[in-house]
Amino acid sequence: GVPVARPLSCLVLLQGVLTLKEGHYEGGWFGEQWKASPSPEEARRMMKGAGETIAAVHVAELTIGACTWSDLFWSEGACYLMDLDETRKRRIMPARFRARDLARFAVSAEEAGVGADLLNHFLDSYLAVTCEERKEIVARMQPHLKKQRIRRFQQDAITAQPLI
């Protein structure tokens, strides 16, 4: 299954749906945990967990949409998808949307100063679950990486070292 916080209750409102989810007492948002300078072993576990979580979503024939480090939660050695607002089942061009998810994660990693070896570890963990070819995935990511990098520069004047 897809690692998400277990919903506890749901309330339908005029403005949308309000969902109460289980809480996690340990850990925190992926980006915040990264800023806390995890040990090299923990950094590898985080990248592996993120790769496996995103792969689980994609194997379930879903795409995340907003696949940035602020949408993932790291707790007790596991990575959880917390923001499901843009998660969709894609029937038309699903590979394109999966590549966009991966590109958004990669740009977040670049902005956080992740090294190429750790980003490759993330991608290896993803590919181990999806059984896709690295060359094909990286090629599909390229237009999305370019678009995300331009957008981040325009929004926040952030320029990071491209890793993919």
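Use the structure listed above.
The structure contained in this document is the topic of the report that follows.

Cut-off values and rules
- Residues numbered from 1 in each chain as written.
- Predicted model: local features only at pLDDT ≥ 70, side-chain atom pairs only at ≥ 80, totals over all residues.
- Heavy atoms only, no water.
- Helix = DSSP H or I, 4+ residues; strand = E, 2+ residues; numbered from the N terminus.
- Buried < 20%, exposed > 50% of the residue type's maximum accessible area, 1.4 Å probe, protein only.
- Contact = heavy atoms within 4.5 Å.
- Areas by Shrake-Rupley, 256 points an atom, 1.4 Å probe, with all protein chains shown as cover.
- Axes fitted to C-alpha atoms, helices over the stretch in contact; angles between N-to-C directions.
- Parallel < 35°, antiparallel > 145°, perpendicular 65-115°, else oblique.
- Left-handed = near helix turned anticlockwise from the far one by under 90°.
- Nonpolar A, V, L, I, M, F, W, Y, C, P; charged D, E, K, R; others polar.
- Pairing = 2+ DSSP bridges.

When its secondary structure is counted, the protein shows five helices and seven strands. When each of the 164 residues of the protein is scored for burial, the buried share is 38%. Taking the contacts inside the protein whose residues are at least 6 apart along the sequence as the reference set, 66% of them involve residues at least 24 apart. Carbon and sulfur atoms make up 54% of the accessible area of the protein, which totals about 9400 Å².

The subject of this paragraph is unusual backbone geometry. Positive phi outside glycine occurs at S37, with the angle close to 55 degrees. On the secondary structure map, S37 appears in the loop between helix 1 (30–35) and helix 2 (40–59).

Remark: helix 3 (residues 94–111) packs on helix 4 (residues 116–130), axes separated minimally by 11 Å, with the N-to-C direction vectors making an angle of 155 degrees. Classified by the interaxial angle, the pair formed by helix 3 and helix 4 is roughly antiparallel. In this structure, helix 3 meets helix 4 at a crossing whose hand is right-handed. Counting all contacts with helix 3, which are made through R98, L102, F105, A106 and A109, the residues of helix 4 involved are L119, F122 and Y126. In terms of residue class, the contact of helix 3 with helix 4 is built from seven nonpolar, no polar and one charged.

Within a regular strand, side chains alternate between the sheet's two faces. Because side chains alternate across strand 5 (residues 72–75), one face comprises the buried residues L72 and W74, and the other comprises F73 and S75, equally buried. By the bridge criterion, two bridges tie strand 3 (residues 28–29) to strand 5 in an arrangement that is antiparallel. Bridge pairing links G28 to W74 in strand 5. In the sheet, strand 5 pairs with strand 6 (residues 78–81) via four bridges, with the strands oriented antiparallel. Each bridged residue has a counterpart across the sheet, and for W74 the counterpart in strand 6 is C79. Between strand 5 and strand 6, which pair antiparallel in sequence order, lie two residues; one of them, E76, sits at a positive phi of approximately 50 degrees.

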